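# Residue-level structural notes
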Amino acid sequence: MVQLLLAHLVAATLAPLLVRRLGRTAFFVVALAPAASFGWLVAVAGEVRAGHGPEQRVTWVPGLGLDLDFRLTTLSWVLSLLVTGVGALVLFYCRWYFARDDPGLWRFIAVFTAFAGAMLGLVLTDNFLILYVFWELTTVFSYLLVGHNPASLTNRRSAMQALIVTTVGGLAMLVGIIALGVRHSYRISEVLADPPPLDAVTVGAVVLLLVGALSKSALFPFHFWLPGAMAAPTPVSAYLHAAAMVKAGVYLVALLAPAFAGAPAWHALTLGLGVATMLVGGWRALRQHDIKLLLAYGTVSQLGFMVAFAGLGTQEGALAALALVVSHGLFKSTLFLTVGVIDHATGTRDLRELSGVGHRLLPLAVPAVLAGCSMAGIPPLAGFVAKEAAITAELEAATGAVPFAPGWGWLLTVAVLAGMVLTVAYTARFLWGAFATKPGMPPTPLHAPHPGFVLAPLLLGVGSLLVGLLAPLEHEWLVPYSRELTAGASPQVLALWHGFTPAFGLSVLAIAVGLVLFVRRDRIARVQSAMPSIVDTERGYARLIRWLEVGSVEVTARTQRGSLPFYLATILLVFIALPGAMSVTRGAIGALRLWDSPAQAVVGAVVVAAGILVLLTNRRLASVMLVGVTGYGVATLFILHGAPDLAITQMLVETVSLVVFVLALRRLPTRFERHDRSLRRRWRVVLGTASGAAVGAIALVASAARHDTPVSIDFPTEAYAFGHGKNIVNVTLVDIRAWDTLGEVSVLVAAATGIASLIFVRTRNTALSMASAQSLTPTEPGRGTWLRGGRTLRPERRSVIFEVVTRLIFHIMIAVSLYVLFSGHNLPGGGFAGGLVAGLALVVRYLAGGRYELDEAAPFDAGLVVGLGLLIVVLAALAPLAFGGTILQSTVFDFTLPPWGEVHLVTSALFDIGVYLIVFGMMLDIVRSLGTGIDRQIAAEQNERVEQGAGS
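Let us look at the structure shown here. (Residues numbered from 1 in each chain as written. Predicted model: local features only at pLDDT ≥ 70, side-chain atom pairs only at ≥ 80, totals over all residues. Heavy atoms only, no water.)

### Structural notes on the layout of surface pockets
Put simply, the rule is: For each structure, a 1 Å grid was placed over the protein atoms alone; sets of points admitting a 1.4 Å probe that cannot get out are labelled cavities, open sets with protein on both sides within 12 Å along at least five of seven lines are labelled pockets, and lining residues have an atom within 4 Å of a point. Grid points are joined across faces, edges and corners, and a volume is the space filled by probe spheres set on the points. Put simply, DSSP marks the helices as runs of H or I at least four residues long and the strands as runs of E at least two long, and each gets a number from the N terminus on.
Approximately 1200 Å³ is the volume attributed to the largest pocket. Considering the residues around the largest pocket, the lining is formed by 33 residues, among which Pro-565, Leu-568, Leu-615, Arg-681 and Arg-684 are closest to the centre. Of all elements in the fold, only α25 (564-586), α26 (598-616), α27 (620-640), α28 (644-665) and α29 (679-705) reach the threshold of two or more residues within the lining of the largest pocket. Considering every element that reaches the lining of the largest pocket, the biggest residue donor is α29, with nine residues.

### Some words on the pattern of salt bridges
Basically, it comes down to this: Counted as salt bridges are all cases of a side-chain nitrogen of Lys or Arg within 4 Å of a carboxyl oxygen of Asp or Glu. We call a residue buried when its accessible area falls under 20% of the maximum for its residue type, exposed when it is over 50%, and partly exposed in between, using a 1.4 Å probe and counting protein chains only.
Tallied over the entire structure, the rule returns 14 salt bridges. Among the salt bridges present, the one from Asp-69 reaches Arg-57, with a minimum N-O distance of 2.7 Å. Here Arg-57 lies in strand β1 (residues 55-61) and Asp-69 lies in strand β2 (residues 66-71), a separation of 12 residues in the sequence. Linking Glu-554 and Arg-558 is a salt bridge whose minimum nitrogen-to-oxygen distance equals 2.8 Å. Taken together, the positions of Glu-554 and Arg-558, both in helix α24 (residues 537-559) and four residues apart, correspond to about one turn of that helix. Given the relative accessible area of 56%, Arg-558 is considered exposed. One continuous salt-bridge network, built from bridges that share partners, spans Arg-57, Asp-69, Asp-126 and Arg-187.

### Digging into empty space enclosed by the protein
It is a probe the size of a water molecule, rolled over the atoms, that shows where empty space is left. Here is the rule we go by: For this classification, the nonpolar set comprises Ala, Val, Leu, Ile, Met, Phe, Trp, Tyr, Cys and Pro, the charged set comprises Asp, Glu, Lys and Arg, and every other residue, Gly included, is treated as polar.
This structure, assessed with the given rule, holds five cavities of 30 Å³ or more. The computed volume of the largest cavity comes to approximately 100 Å³. Looking at the largest cavity, it is lined by 14 residues, and the ones nearest its centre are Gln-302, Phe-305, Met-375, Gly-383 and Lys-387. Residues belonging to the lining of the largest cavity are distributed by class as follows: seven nonpolar, six polar and one charged. Considering only enclosed or pocket space, the second largest cavity measures out at about 70 Å³ in volume. Contributing to the lining of the second largest cavity are Leu-286, Ala-425, Arg-429, Leu-517, Phe-518, Arg-521, Ile-524 and Ala-525. Listing elements by their share of the lining of the second largest cavity, those giving two or more residues are α19 (408-435), α22 (502-519) and α23 (521-530). Class assignment of the residues belonging to the lining of the second largest cavity gives a composition of six nonpolar, no polar and two charged.

### Considerations on the packing of helix α5 (residues 74-97) against helix α21 (residues 471-482)
Stated formally: Structural elements are reduced to axes, namely lines fitted to C-alpha atoms, with helices fitted over the stretch in contact, and the angle between N-to-C directions of any two is expressed from 0 to 180 degrees. In these notes the angle categories are as follows: under 35 degrees is roughly parallel, over 145 is roughly antiparallel, 65 to 115 is roughly perpendicular, and the rest is oblique. Pairs of residues are marked as contacts when any of their non-hydrogen atoms sit within 4.5 Å.
Interaxial distance between α5 and α21 falls to 8 Å at its minimum, and their mutual angle equals 130°. The angle between the axes of α5 and α21 places the two elements in the oblique class. When α5 is examined against α21, the residues Thr-74, Leu-75, Trp-77 and Val-78 are found in contact with a partner set consisting of Trp-477, Leu-478, Pro-480 and Tyr-481. Class assignment for the residues of the contact of α5 with α21 results in seven nonpolar, one polar and no charged.

### Re α25
Where we set the bar: Under the convention used throughout, the expected extent of a helix is 1.5 Å for every residue step, that is, one less than its residue count. In this scheme, the bend at a residue equals the angle between the axes fitted to the seven residues that finish there and the seven that begin there.
Counted at 1.5 Å a residue, the expected span for α25 with its 23 residues is 33 Å, and the 32 Å between its end C-alpha atoms agrees. Along α25, the largest kink reaches about 35° and is centred on Gly-580. All of the buried residues in α25 are Ala-569, Gly-580 and Ser-583. Along its buried surface, α25 packs onto α29.

### Focus: α21
Under the 1.5 Å per step criterion, the end-to-end length of α21 is 16 Å for 12 residues, consistent within 8% with the ideal 16 Å. All of the buried residues along α21 are Ala-471, Glu-474, His-475, Leu-478, Val-479, Pro-480, Tyr-481 and Ser-482.

Below you can see the structure in the form of C-alpha cells.
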C-alpha cells in the first residue's frame, strides 16, 4: 500500500514536467496512478471479502512508537475504490475541461494528484496520527484546488473559508486523537478491537473526533463552507465534494461506530446534526438557480443523511450508510461532471437560461437522468437500494433497536422522510432546469462537446444503474463491515424488491410528495422568500472573522508597538512569573558546591565584576569589551573543568562577537545616553535582577531534579565504537546527534540567506572594481603584490606593523583552521571551530587592507560557499544509503599513505567539511556586510560632503 502512495507522489512530482512536454495529454499519463491503484484494489477484493485484507507496517520513528501502518478492511476498501476509480475518471475528464493555455494547469494537475494520494492514505492508514497527517494534507490541497484561480476574489475567499473551518475541526480532532492515544493506543485496529472504557476522557476524545468529522463533511453548523467551495473548477467539485474529501468525515464516523456508537453525545452529534443538515441542505437547494450550487446544497443534504446512518450504531444502519456512500459517490460525481460539460457547451449554469439542452446533448442527458434518479431513490438505481436500506434501518431503530428517549426514534424517522421528500424535489428541479425545454424560451445556443468529454459521466451514470441491478452482489461485498457492529438484527439483503413493505411504502410516499413540491415550485419559492433566516451560520462566520480581524488590529496596536524594550520586558516578565516563580515556590534545591578549585572562584569573581562594570560604564566600546570578558571567563571555566574543545569554540565565538560589535559600533555614538534618575532605568534594574535570579533558581532546581543516569554516560564508549573518534564533543556533533547538527546548519543557512537578501540587494560578491584597481600603486611587471588593497587606504589609516603581522599570520591561520578541521575527530577542534578560525583570518586581512583586500582574499560569492557547504553536508548524510547503510552512518578507513604513515579516515569528516564551509561563508557574509558595507556608506557620505563643499 505504501507503493500506491509513492506512485501518486511520483506522478504529482512529474506532473508539471509532463504538462510542459505533453500539454493537456499529461492528464492521461497522471491518471495511470489512481487507475493502477484501482486495479490493485480489485485484485485483492477476494482477500478483503474473506476478512484477510492486506496489512503493511513501515517503521518510521521507533523511539516514539510512530509507524506507517496500513490496513485494508471492507470500509477502507470501498472508500479506496471510490477515491481511485472516480479520481482516474475525473483526471481523464480534465483533458477536455481545461483550456490549452491555462497558466495554472501544471499546478492543478500536481496538486490534484497529490490530493488523490493523500485521500487514499487517509482511508488506508491504521494509525490515528498518520490519519491526521493525511487529513490535514487533504485540507491544504483542497485549499489550493478551490483557489485554483488566484486572480479571483471569490476563489480566494472560498478557499480560505474552507481552510479555516476544516482546519479548526482538524485541530479539535488532533486533541481527541492524542487523548485517545495516550489513554489507549494510536493503532486504529487496536482501539476498535478493544475499546477503552467510556469515562470522561474517552468520551471527550470521541466528541472531539466527531467535531473534526462533522466539519470535514460539512454538517451543520459547518455546512456553509461547501457551497462556497463551488467556486472551484468543476472537476474539483466532482472529486473532492462528491467522492473524496467530504467523505472523510463520513468515513471517520463509520470507522468509530463499532466501538463508540453507544457513547454519550454520539447520537446527538451524528443523528441529530445529520438529520438537521439533511433538512437544511435540501431546503436551501430548492431555491438555487445555479445548477452547480443546487448540487452543492444537495451534497450537504446527502452528507447529513450518510452521517446519520453511519452513526446509528446498528448493523442495518451500517450497511445502509455504506450503500449510501457508494451510490452517492457515483451519482453525485456524475452530476457535477455533467454540469461541467453543460457550462462548457452553453456558457451558463443558470437554469433560467437553459432550455432544450437534453435532446441536443442526449449522450450527456442519459447518464445525468440515471444519476438523478439514483439520487432521488427511484428504482432500479443504486440510490433506491440504499434508500430502502436506510428506511428499514430507521424503522428498526424507532422500534427499539437503539436506546432513544421515547418518541425520538419516530421523530427522527419523520425527519428522515422529510429529507427524502426534499431530495426528490431538488433532483427534479435539477433535471428540469438543466435539460428540459422551457415553454416560451428559445433553445440555448451550444456547441457539441468532444466525445471523450462525455465518457466519464457516462461511465459513472451507467455505474449507478449496474450497482442497483446487482444489489445482491453489492450486499455480499458490503455486509462484512456491518457485522462489526453488534446492535440490531442482521441486515436485510440489499435488493430491488422486498415486497410491499413499510419501507417501500414510505419510499413511494417520499417520491410522490417530492414531485408535488416540484410541481408547486413557484409557491414553494414564495414561501421560502417570506420565511426569515432564523439560523445563518455563514453570516455568523463572517461576523466572527470580522470580529477577529478588528480584535487582532486592536491587540496588535497595543502590544506590537515597535518597541524592543517593551517586547523584551514582556518576555522576561512571563519568564519570571511562570517558570521562575514555580522554581522558587515548588522547586527543591540539592546540596550546593560553590567551586572545585580556588581558580574557579577567581574566574567567577572576574566574570561578575565585568558584568557589574558593564552597567556602570557609559562608553559603548568599553561595554562591548567587558561583555567579552564575561565570555572569555566562561571559556576559562571550561578549561578548568577539563573541556578544551568547548573552551576553544567559546573563545572563537566570543572573538567573532567582539569583531561584529566593533564593526557595527562605527555607525553608533561613542557613549550611551544616561538618565540616572529615570524611573524607567530603575525598573530595568529590577527586571534584570529578577530575571537573573529566576535563571539561577531554575538552574539550581533543574540540576537537583536529575534522578536518572544521563545518556551522556555512554558517549565515550559510543564515540569510539560507532563514531570512530576520541573527541566526544565533535563525534557527538557529526555522528551521535548528527540530525541535530544537520537541522542547525540548515537553519543557519536559511538565516544567512535571509540576512544577505536584506543587506546585499544585488550580489554578495563585491569584486574589486576597475576604478579601485586603477587607484592601486603600480607594481613591477611579473611580480605579484600581496595586500594590494592596503594601497587604496588613506595614509593615516594604514599600519605598517599590522600589515607585517598580517603577512606573517594569515597563511598560518588558514593552515591552523585546516588542522583544526581534520584533527577535530580525535583532538579539540572540528568544522565549526575551523570555519571560525578561517573567518577570523579574513577579518585580519580586511582590517589590514580594507574592503578591497577582502575581495582579493576571497574573490568568490559567499552564498556559493554556504550553499556548497550545505550540499556537502546533505550528500555526506545520504551517501551511506548507496552502500547499504543508514543515513549519517559513519565508516572508518585505515590505510597507509607515505610519507604520513597510518591514516585514520572517518566518513563523517565530509560532514565536518560541509560545516566548515558553511561557517566560513557566514563569516565572509558578516565581514562584507558590517565591514565592506559600512565602509561604502562612510565613503559615500564623505564624497557627498566633498561635493557639497565644492558646490558651496
